[in-house]
Each structure stands twice: as structure tokens, then as C-alpha cells.
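Listed below are the residues making up each chain.
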Amino acid sequence: MKALAAIIGLAVLCRGYVINAIFPVTIFRQEHILFFDLINYSFSIPFWMIVFFGLINILFIFFIGNVLFDYRIAILSALLYAISPWTIYLEVAGSLDIVLLTILLLATVGVLKMKQGTSYRTGMAIFIFTSSLLLYSSIVFWFLIPLMTLGIIKLLFLKVNQIKTITALVVMIFIPLSLLAVKNTQGFSGVFTKEIAIFSEVGLLNAVNQFQGDLAREGIYTFGRIIENRYTYFTQHLIFNFLKHFTPVTYFTAEYKLLNFSFSPPILLGFIIPFIFGLKGWVDIFKKYRYLIFLPPLLILPSALSYKSPDFSKLIIFAPVIFYTISFGMVNYLFFSKSKVLNFLKIACLLLVAIQSLSLISDIKYREPARIDFLRFPSFYQRN
Amino acid sequence: MSRKALCAVLFILTLIGGLLRFYNLDKNPVSLSVDEVSTGYNAYSILKTGRDEYGNFLPLSFRSLNDYKPPVFTYLVSISEALFGLNEFAVRFPSAFFGTISIPIFYLFFLVFLKDKYTALVSALLVAISPWHIFVSRVGWEYLLGTFLVVVGMLCLLKIDRGLKWTIGAALTLVLSMYTYHAQRFFVPLIVLVFFLLNRKLLVNKKKEVIIFLTILITLLIPLAVSFIFGPDKTRAQNTFITNDVEFIRNIKIDSLTEAASPFVLFDNQLLLFFHWIRKYLAYLQPSFLFFNGLNLTTSGTYGSGVIYLFELPFLILGIISLIKEKIQNKRLMLAWILIGLLPASLTLTEQHYGRSLIISPMLIGLSSIGIIAFLKFVNKHLSKARKTIFYIGFSAIIIWNLLLVFLLYTIHFPNQRGEDFMEGTKETVLYALKNSSRYNEIVFDPRRGVQGPYIISVPHLYILFYSKYDPAKFQREAKKIGDSFNFDKFTIRDIKWTEDKNLKNTLFIGSPWSFIEKDLTESWILERIYLKNGNRAFLIVSNP
């Protein structure tokens, strides 16, 4: 518990440091959870509470890690959440997805309680409550919650009565939501277009038109349209958006800038070494529970379907999976091994983390304020 | 498979590969790029006078466009020009030729490297149809020849224990590769070092061969080393090094705003550069480079062709898994080849570059081949006949769709969307100028061009030299630089200042529409309009009668 308290203290320190350097970061429009701001009962969360929810996430990540793995992996995962620029920047910028992550983690706690057997009803109540919050806050969860429910049914080997109960409850939550959608079609259509923006990207449609113009000029329009058309183009776009989320450069370098301006990587580069080792843990899990192979693509879905992919804000729900993978690699392969090669990699990992942390501390203080000014006042900097 | 059948298959693959590389070689890409025309004219100059365009006798480094090109490819182009004349085909012929014979060479290489003839055969197939390999085979650049020589060199090195001819062959081809392209100068010493570290027994059992190899290598590299330390190659390295990366200087380092503030700034900058380099290095493993737009065939922001086909994605993954799980010959060397191969490309100032990273293409092809064999074994073992048929039909449809898509990208969209990158239209303007040169006292070319704005700086003088087959000896003797303009014969390369120039008589002006002020331009003065394939206007040819 002392370690956890120290991690929370460190988290507060990191967030305070970044806030001092770059606040206010007006990237996110103040969003509302519940009812998508379409009716008067939407609930707006003040900015400062987002940081508070971020600190709660540390506790949930620790708890879940402790149940699924062991204490060491849990504490390391909590530490990773606390110090990763990814989570820090999103909280400082007031991203609502931090709150969605909190709710999702609480839902996972509910599932774990259901698995424990003795707290089955409490667990189910938590799962249903949190699922409702998620369903009424994000359209993407309309796909994710039913799929997660299916996964839970398979994972927990529930009895028929239990399956019926849980399915009935999930369906019951959907009913008011469906009525709301029918009553407010235009509003929901707008929310849908905003959250699943992948197919309404104007640049993509222009590109398809340009390509078809080239084909028409060459006189093979009809043949060309069979090979190249809107559907093949969008399929490529979807595959591309998904694949981006499975490369290390996305998470461990500043390839895609955080909040559109930062050159801080989402996760410190040194952790790529234990991450690669941790992937082996996933191979073993997939061998045992084959359907869990759908978990990473499901969690990536909101980001893959968004306009600018990868969207680190929507992708935050996938972050705990990466943190657990890194911690798993650190504990089970790297840090307690006696092999000379692994010792060398361990030192390389710690060294990289240390020097990048020093570099980031300086970079955040002296350069990030300038970078966010480039974003706020682009025409001024272009003129000067 | 019998030896005869194997040879027949290889022959057919080579024919197909040759057809894909040679068909319309002079027409696609639509025009010679500035590098190609520079290489072409310098090769012509060497052929006629033994000197480059600057008068240097048989140089080890061609100054060219102040980028100091390595020599081997240019000398090969002179041989090609001796056979075919000074034209587009001759400039691109060496790449297409070595690209075609790469197909059987890749087979032989993987036969020795992986010790499996079916994997080797699949590799030959993949290289025959590889978009990356075909694209660089059809342009007169050094990348393909450099990679070809490395593959041949490593093939010989793998057989170093079989006799002196392989030892000498390895040394000569690897040295030649370092005189062919810059990336190889970094790559070859490192891969040779890794090879001997992984095959330490050779150092003991084949000491004589190793010593001969290293002696030849080091001796022949002395001139290169001298040029690098004291000569122009140092300039080239400095100009292209990652520290000149514009994004790093402007957005990451931002010294101008922060230098007074931080006591750690100097130390900081080196660290930022290090992490910036790591990002560029890892970005070569991104799906955008590998599968979606690595070859830059289409306009920015659209999907084109990656360096490998999209259908190869599952095979690449299977190949990596097989590499980890199974006992595959030379797998450590394969991994080292990819990791080292990305180093020279990532240390330059440009983002992912298909030419500088071409050195890793043999290993990516190898990985895909391993994956294909593993895939076929799995399908044959675990699926019933009916399911196998459905699976093969479905997957074949995807493969055919992907092949046709890349075919359309290369033959239709690439010429339409990237013509300007290859200076499309310049040849037409030069041919017009040459045809009508007797009517004018002076012909002025404005080097600035571009459909979006005058942002592209061309080198029209090289195109004039090339298409007029200008006497290299005469060009070497002429004093060319006068003030801001570049002059030879009656050609002047300078910015057109239309407010003053419009009054000049007996002068032909050739420039993009940006060079002329429209309200001061009478329709009758416009002698010719040159359009790009996509219908955009590239040049105006104007004269005040």
C-alpha cells in the first residue's frame, strides 16, 4: 500500500509539472457523459475531476493486475500509468475518455468479482451499472458492450440461468436507449458521424474521385472501377487504421504527436524491450483462451474508426493492456533472469528510461510551451 | 521437382520479370528525373572524353548536382550508351538488366542462405513481381545495382569455404557495392562483421580465405576512405545527415526559442536527436511504408503501393513467427541484415526512403517466402479438400485484385500524379527549343516550376545537354556561371523577370506559368503550351515577336 501511495504521489507530481508547463491545453471541447448532451440530463465533468479520475484509474489498474497476475505486475502497471506521457497529457487536456476508461476498468472489476463466485451478484450489479454508463456515453460501446458480454459468458462458463439474466439485463438497458435514438434521430446521427468518422473523411472521397478521373482519362474507367472503387479504398483505409495500432512506433515514439503538438512519446522508449518479451505472455494466453484474441482489436476499434487515427484519446482504453504486457515482460523475463543477454537488455531498458525521462523533463519545461503556441497561433509563427 | 522443371520455372519467372521491367522502359516513369539525366550526361561525357561534366578525369565520385554520386553506376551507363546511344532507354537499361537477372540470383542466394529450394523458388517469384524491385529496376538510379551486388557478394561469402574464387568474388562484389551506393558503405562493413561473428569457426578453419578476403576488401577501399575523409564524399555525408532534418531543427529542437532558457540545452539536443533517430528507424516498420504508400507513387494523403504487397502481410507475420519458433538456417544473419540495413536510411534527413532502404528488400522477400511455405504446409495438413479449394480460390482472388491494383497504380496513377517529380514536360520544352534555336539569339529557361506554385527547382541545362547531345569537351571548356545565371552556347538558365524581359527581342523564354505576368502576356506571344499527363499546364514557351 505504501508503494501504491508513492505511485499516486508521483502521478500527482508529474501532472502538476505538466500543468505548470503547458496549461491550458484547449484540445478537447468540454464533453458530457450520459445521453451525449442530447437531453437535459447530460452530465458535464469539470476539468479538474478528469485528473482525479486518472488517479482512480491507477488504483483500478493495480487491483485488476493483482487479481489477474500478481502484485509485482500490478504495481509496475500502476507505475507505468502514473508516469506515461500518454495518460498525463490526456488528463491535463481534460479528455473525457479518461472517465470512460475509469468506467471500463470498474466494469472489469465487476467481471472479476463475478468470476470469484462469492461476489457474483455484486460483480454483476457493477458490470450492468457500468455498461449502462458506457452505452449511454459512447456509440462505439453499443458494439463493444454486447461483444464483451458474449466474451464474459464464454470466459466465466456461466450457467443457463445466469446467461439469461445477464442477457436480459443488457437488453433492458438498450430499450430506453433505442427509444431515445428514435426520438432524436438527427442528434444521434450527428454523434454517430462524429464518433465513427472514418467513412466520412472528405480527403478520402476526393482521393477516390481523383483516381477515377485518372482512369477516365486513360479510357479504362469501367475496368478500373472494378479494381478501384469507394469500397476497396475504404477497406484499405480500415485495414491501414487497424494496422497502425499494432506497430511499436505508435506507442513508443512521437510518430503521431500527442494532442497534435507534443513530441513526447506516449510511453517511454525503454519499455519497448520488456514489451516485446511480454508479447510472449499473450501467445500463451491465446493458446489457452482463443477468443481473447479479439480483445485487442475490440479495444482499438474506437480509435480505428475515428477521423484521425490513431486517436490517443479514444485509444486510452487499450493502454492498460499495453501496461500489463510491459509489466509481464519485465517481471517474467527481464528483471529476475540470470542470463547475461537479458541482463544487458535490462540495463539498456533502465538506461533508456532514465535518460529519456531527463530529456522529457527539460523538453516539457522549455520546448512544449513553444510547441503548443505553434498550435494556438499558427499564423503568427508563419509570418515570423 | 526435377532439375529441368526447376530451370524451366526459373526461366519463365525471369521472362515475366524481364517483361515487367523492360516494357515501355523509356516511357514509364514519364520522364528522366534530374538524377537520371545528370547520370546520363555524365556517362556520355565519360564515354566521349573520359571526363565528367566538370572536367574531372575518371572521377571516383561524380559531383553531378553537388550530391557526389558514387561512380560504378555512371560508368555502367556509359557502356549502355555506347551500345544504345544517348537516350532514356540507355540510362535505365543497367537497372532493368540487373533487376531482371536478380531473379535467378535471388534463387541461388536463398538456396544457399536458407538451404531450401522451394523457399528459394518462392523468393524468385516474389522478386519477379515485387513492386519495390520493379519500381527501382525501371529508373536509372544506383539503388538496385548496389543491392544486387550485396546479394551476390553475400552469396559468395556464404561459400567462402568452397574455394578461392568465392573468396575473391565476395571481396570484389562487396567492394564494388560500396562504390555503387552510399548506404552500402555503412551496411557492408557491419554485415561482414556480423557474418564472421556468427561464423567464428571460419576464422579458425579457413584462415587463409578470410585473410585474403579482408586484404582485398581493405586494399580496394583505401581510395574510398581517402575520398570520405579528405574529399567530396565527406560533403555528401554532411549534407544528408539527420542533423539537417528540417522537422528536427524547426519543431523538435527549436533552439531559437529555447537556447537562452535551458542549461541542459546542448545535452538535450543530442538526446532529442537520438530519440528522433529511433523514431525514424522504427517508422520503416510501419504499415504505411510497408503496405500502403512506401513507394510514393501517388499524391500525398492518398493510398498507393507499399514496398510489399498487402496480400503478403499474413505471410510476413507467419515468416516472423517461423523465424522465432523454428530452426531456420542463418536466421540470426537474416535478422541482423534487416536491423543493420535500416541504419543508413534512418540516419539521413528524409523520411522513409524506398531507395536508401532497398538493402533490406532481399530479407523481407525471404521472410515472406518462409511464411508462404509455412502457410501452404499448414493448409495442406489441416484443411479438408473442399475447404482447401474454397480457401485457395478466395485467397487467389485477393492476390489477383492486389496485383491488378498495383498495376493500375503504376501504369495509370503514378504517371498522372507524380509526373512533376520526374520533371515531366521538360523534354518537350527542350526539344522545341532545339528545333527552333536558329531563330533566336538567346533561349532563356526559368528553372522554377510547379503546378501548385514555383516550388520545384529543376536543372534544365542538363536536359538541354542530354537531348542536344551537346559536345562534352566544349561544355567542359565553357565558362558557364555569369552572375546569377548559368550560360552555355545560346542557352541561359535564370529566373525570368517578365517586367524587364518582355521587351527583349529575338529571345525565346521557357518557364512555368508562374514565370510570366498574365496581364503583360499577349496570346500571340505564346508559341506553345506544354501540359502534363493529368492536364495541368506545366510550361509556356513565349517570345516577343
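Residues numbered from 1 in each chain as written. Chains lettered and ligands numbered in written order. Predicted model: local features only at pLDDT ≥ 70, side-chain atom pairs only at ≥ 80, totals over all residues. Heavy atoms only, no water.

(A) Here's a closer look at the overall build of chain B. Scanning chain B from N- to C-terminus turns up 24 helices and nine strands. Compactness check: chain B gives a C-alpha radius of gyration of 26 Å against a globular reference of 24 Å for 545 residues, within 12% of the reference. The buried share of chain B, reckoned over its 545 residues, is 58%. Of the roughly 23,600 Å² of accessible surface on chain B, 64% is carried by carbon and sulfur atoms. (Helix = DSSP H or I, 4+ residues; strand = E, 2+ residues; numbered from the N terminus. Rg over C-alpha atoms; globule rule 2.2 N^0.38 Å. Buried < 20%, exposed > 50% of the residue type's maximum accessible area, 1.4 Å probe, protein only. Areas by Shrake-Rupley, 256 points an atom, 1.4 Å probe, with all protein chains shown as cover.)

(B) View of the pairing of strand E9 (residues 537-543) of chain B. Residues and elements named next belong to chain B. With respect to burial, E9 is a largely interior element, six of its seven residues being buried. Here four bridges tie strand E7 (residues 507-511) to E9, and the two strands are oriented antiparallel to one another. The residue bridging Leu-508 from the neighbouring strand is Ser-543, located in E9. Bridge analysis of strand E8 (residues 526-531) against E9 gives five bridges, and the strand direction is antiparallel. Within E9, the residue paired with Arg-529 across the bridge is Leu-540. With antiparallel pairing between neighbouring strands as the criterion, E8 and E9 make up a hairpin whose turn holds five residues, including Gly-535 at a positive phi of roughly 95°. (Pairing = 2+ DSSP bridges.)

(C) The environment of Ala-3 of chain A, seen in detail. All names here are of chain A. Position of Ala-3 among the secondary structure elements: in helix H1 (residues 2-22). A C-alpha to C-alpha distance of 9.4 Å links Ala-3 and Leu-79, two positions 76 residues apart in sequence. Residues in contact with Ala-3, not counting those within four places in the same chain, are Tyr-71 and Ile-75. (Contact = heavy atoms within 4.5 Å.)

(D) Layout of the pattern of salt bridges. A complete count under the given rule lists 22 salt bridges over all chains for this structure. Between Asp-311 of chain A and Lys-314 of chain A there is a salt bridge, and its shortest N-O distance comes to 3.8 Å. Neither Asp-311 of chain A nor Lys-314 of chain A differs from the other in exposure class; each is buried. Between Arg-367 of chain A and Asp-363 of chain A there is a salt bridge, and its shortest N-O distance comes to 3.5 Å. For the pair formed by Arg-367 of chain A and Asp-363 of chain A, the shared burial category is buried. Residues participating in the shared-partner salt-bridge network are Glu-255 of chain A together with Glu-247, Arg-279 and Glu-351 of chain B. (Salt bridge = Lys/Arg side-chain N within 4 Å of Asp/Glu carboxyl O.)

(E) Region of the structure containing the interface of chain B and chain A. In this complex, chain B contributes 46 residues to the contact, which on the side of chain A involves 43 residues. Summed over both partners, the interface of chain B with chain A buries about 4,000 Å², with 68% contributed by carbon and sulfur atoms. Across the contact surface, chain B and chain A share two salt bridges. With its nearest N and O atoms 2.4 Å apart, the salt bridge here joins Arg-279 of chain B to Glu-255 of chain A. The dominant element in the side of chain B that touches chain A, judged by the number of residues it contributes, is helix H15 (residues 265-283) of chain B, at 11 residues. For the side of chain B that touches chain A, the class distribution of residues is 27 nonpolar, 13 polar and six charged. (Buried area = accessible area lost by both parts, 1.4 Å probe. Nonpolar A, V, L, I, M, F, W, Y, C, P; charged D, E, K, R; others polar.)

(F) How the structure looks around empty space enclosed by the protein. A complete count under the given rule lists six cavities of 30 Å³ or more for this structure. Ala-254, Phe-263 and Gln-356 of chain A together with Phe-275 and His-276 of chain B are, among the 16 residues lining the largest cavity, the residues nearest its centre. Listing elements by their share of the lining of the largest cavity, those giving two or more residues are helix H17 (340-366) of chain A together with H15 of chain B. The element contributing the most residues to the lining of the largest cavity is H15 of chain B, with five residues. Of the residues contributing to the lining of the largest cavity, the split by class is 10 nonpolar, four polar and two charged. (1 Å grid on protein atoms, 1.4 Å probe; cavity = no way out; pocket = protein on both sides within 12 Å on 5 of 7 lines; lining within 4 Å. Points joined across faces, edges and corners; volume = space filled by probe spheres on them.)

(G) Highlighting the packing of helix H2 (residues 34-49) of chain B against helix H22 (residues 460-468) of chain B. Residue and element names in this part refer to chain B. Closest axis-to-axis distance for the H2/H22 pair is 9 Å, and the angle between their directions is 45°. If you check the angle between H2 and H22, you find them oblique. The way H2 lies across H22 gives a crossing that is left-handed. Contact with H2, carried on its side by Val-34, Val-37, Ser-38, Gly-40 and Tyr-41, involves Leu-462, Tyr-463, Leu-465 and Phe-466 of H22 and no other residues of that element. The residue inventory of the contact of H2 with H22, partitioned by class, reads seven nonpolar, two polar and no charged. (Axes fitted to C-alpha atoms, helices over the stretch in contact; angles between N-to-C directions. Parallel < 35°, antiparallel > 145°, perpendicular 65-115°, else oblique. Left-handed = near helix turned anticlockwise from the far one by under 90°.)

(H) Representation of the pairing of strand E5 (residues 485-488) of chain B in the model. Residues and elements named next belong to chain B. Residue alternation in E5 divides its side chains into two sets, Ser-485 and Asn-487 and Phe-486 and Phe-488, and both sets are buried. The pairing of E5 with strand E6 (residues 491-493) spans three bridges and is antiparallel. Across the sheet, Phe-486 pairs through a bridge with Ile-493, a residue of E6. Taking the residues between adjacent antiparallel strands as the criterion, E5 and E6 are bridged by two residues, where Asp-489 takes a positive phi near 50°.

Purely geometric stuff here, so don't read any function into it on its own.
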